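Observations on the model geometry
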Amino acid sequence: MKHLKYIQFAILALCLFALSSCSTAKKATEETEAVRWPDFLRSWAADYEINDSQRLSLINLIDSVYYFLEDSTQAVEAHADQVCRMIDRMAEVIANDSAFEFTLMMRATADNFWAQAPRDERILQCDCSSESISRLMDWQTVYSTDVELMCYTITPDPWQTPWHFANMILTIDKDGEDPLASFVITNFQDYKMDSVQIAFYDSTYTVVDVLYEDEVFVDSSSAAGGVKTLLMPYKYLIRMLSHSASVNVAYKTTEGWYSMRGFPQRNFKKNLNDCPRLKKTSDQITR
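Here the structure is a predicted model, which is why all the values come from computation and not from measurement. (Residues numbered from 1 in each chain as written. Predicted model: local features only at pLDDT ≥ 70, side-chain atom pairs only at ≥ 80, totals over all residues. Heavy atoms only, no water.)

1. With respect to the packing of aromatic side chains
Here the structure, examined in full by the defined rule, presents 12 aromatic pairs. Ring geometry for Phe100 against Phe165: centres 5.6 Å apart, planes inclined by 45°, an arrangement best described as tilted. In this pair, Phe100 sits in helix 5 (residues 100-114) while Phe165 sits in strand 3 (residues 164-173), placing the two residues 65 residues apart along the sequence. Like Phe100, the residue Phe165 is buried in the burial classification. Centroid distance Phe200 to Tyr236: 6.1 Å. Interplanar angle 80°. Geometry classified as edge-to-face. Taken together, the residues Phe200 in strand 5 (residues 194-201) and Tyr236 in helix 8 (residues 234-243) connect sequence positions 36 residues apart. Neither Phe200 nor Tyr236 differs from the other in exposure class; each is buried. (Phe/Tyr/Trp six-rings, centres within 6.5 Å; stacked < 30°, edge-to-face > 60°. Helix = DSSP H or I, 4+ residues; strand = E, 2+ residues; numbered from the N terminus. Buried < 20%, exposed > 50% of the residue type's maximum accessible area, 1.4 Å probe, protein only.)

Given below as structure tokens:
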């Protein structure tokens, strides 16, 4: 019965975050060297029929910021407000948007944008830069009388994000019993995910612990479509979030090992405050 409950939860998580492999067509990895990121973003949005005016207006804002970055003669003073509005709107999407695919697009855009900072000092000259970067690593939280849910999405290189990502999910029911933890891992490129490993690192990149898929219950019912769910003890994941600084998800594909690193620990305690039942249970574990 416990495994049945886990499977039901996995199905719920897949529905909540639009990860059903039934509705996802296989995409071939494109050559991206000559493609502008905003154009890649628009193509990605079109693939998932994201065409409402509010979301498209954010993509247009991102496009205008990238035109500024592409012109090294442009002074930051004339565009700082534009950059800060983009960062603020992306952070709001990551934390609150109901369309999972769009939150994924904004996480990838944040990674792509900040990767340019070492080469373009104008990005760091914007007053909002240092205080806003943390918001782009927020968890997404869902709080209702029936359920509390927290999700953090781990992504690889931005150009690979449409095909590879992993969701770390924590949830608890209205009675505050049986909190659950899972990783929903996705490979829409070649659909193969063998020998999944989840490694936790401290601030010096020393391994704290490694979780192997054969140590936990795995729902592979959607693996043929590129989705695999690992269910693990809630106490274990909370302890790992408390004692590590980053997490790396790795698995074997048809072309060898694939890995991606995330930093869910950075904003975990802050975002946990939005979910009082999860917070109460987590505080009991980490006392």
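2. Quick notes on the pairing of strand 4 (residues 180-187)
Along strand 4, eight of the eight residues are buried, which leaves the element largely enclosed by surrounding structure. Residue alternation in strand 4 divides its side chains into two sets, Leu180, Ser182, Val184 and Thr186 and Ala181, Phe183, Ile185 and Asn187, and both sets are buried. Taken together, the eight bridges between strand 3 and strand 4 define a ladder with antiparallel strand orientation. Looking across to strand 4, one finds that Met168 is bridged to Phe183. Count of turn residues in the strand 3/strand 4 antiparallel hairpin: six residues, of which Gly176 carries a positive phi of about 70°. Note that strand 4 and strand 8 (residues 227-232) share six bridges and pair antiparallel. Residue pairing in the sheet places Val184 in a bridge with Thr229 of strand 8. (Pairing = 2+ DSSP bridges.)

3. A short note on the confidence of the model for the protein
Per-residue confidence for the protein gives a mean pLDDT of 87; residues scoring 70 or more make up 87%. Highest mean pLDDT in the protein belongs to strand 5 (98); lowest belongs to helix 1 (residues 2-16) (44). Scored below 50 in pLDDT, residues 1-30 shows 56 contacts in the model against residues more than four places distant or in partner chains. (pLDDT = per-residue confidence, 0-100. Contact = heavy atoms within 4.5 Å.)

4. Digging into the sheet that holds strand 3
If you walk across this open sheet you meet the six strands as 1-2-3-4-8-7, and the pairing is antiparallel. Single-partner strands in this sheet number two, and they are strand 1 (140-143) and strand 7 (217-219). Sheet twist, expressed as the mean angle between neighbouring strand axes with direction ignored, is 20°. Pairing geometry for strand 2 (residues 147-154) and strand 3, over eight bridges, is antiparallel. Note on strand 3: the bridge partner recorded for Leu149 is Thr171. Contacts between helix 5 and the sheet are confined to strand 1, strand 2 and strand 3, with strand 2 contributing the most and set at about 40° to the helix. (Axes fitted to C-alpha atoms, helices over the stretch in contact; angles between N-to-C directions.)

5. Quick look at the pattern of salt bridges
Here the structure, examined in full by the defined rule, presents 16 salt bridges. Here Asp81 and Arg85 are joined by a salt bridge, their closest N and O atoms 3.3 Å apart. Of this pair, Asp81 and Arg85 both sit in helix 4 (residues 80-96), four residues apart, roughly one helical turn. Residue Asp81 is classed as exposed on the basis of its relative accessible area, which comes to 54%. Among the ionic pairs, Lys228 bridges to Glu213, the shortest N-O distance being 3.3 Å. Placement of the pair is Lys228 in strand 8 and Glu213 in the loop between strand 6 (207-212) and strand 7, with a sequence separation of 15 residues. (Salt bridge = Lys/Arg side-chain N within 4 Å of Asp/Glu carboxyl O.)

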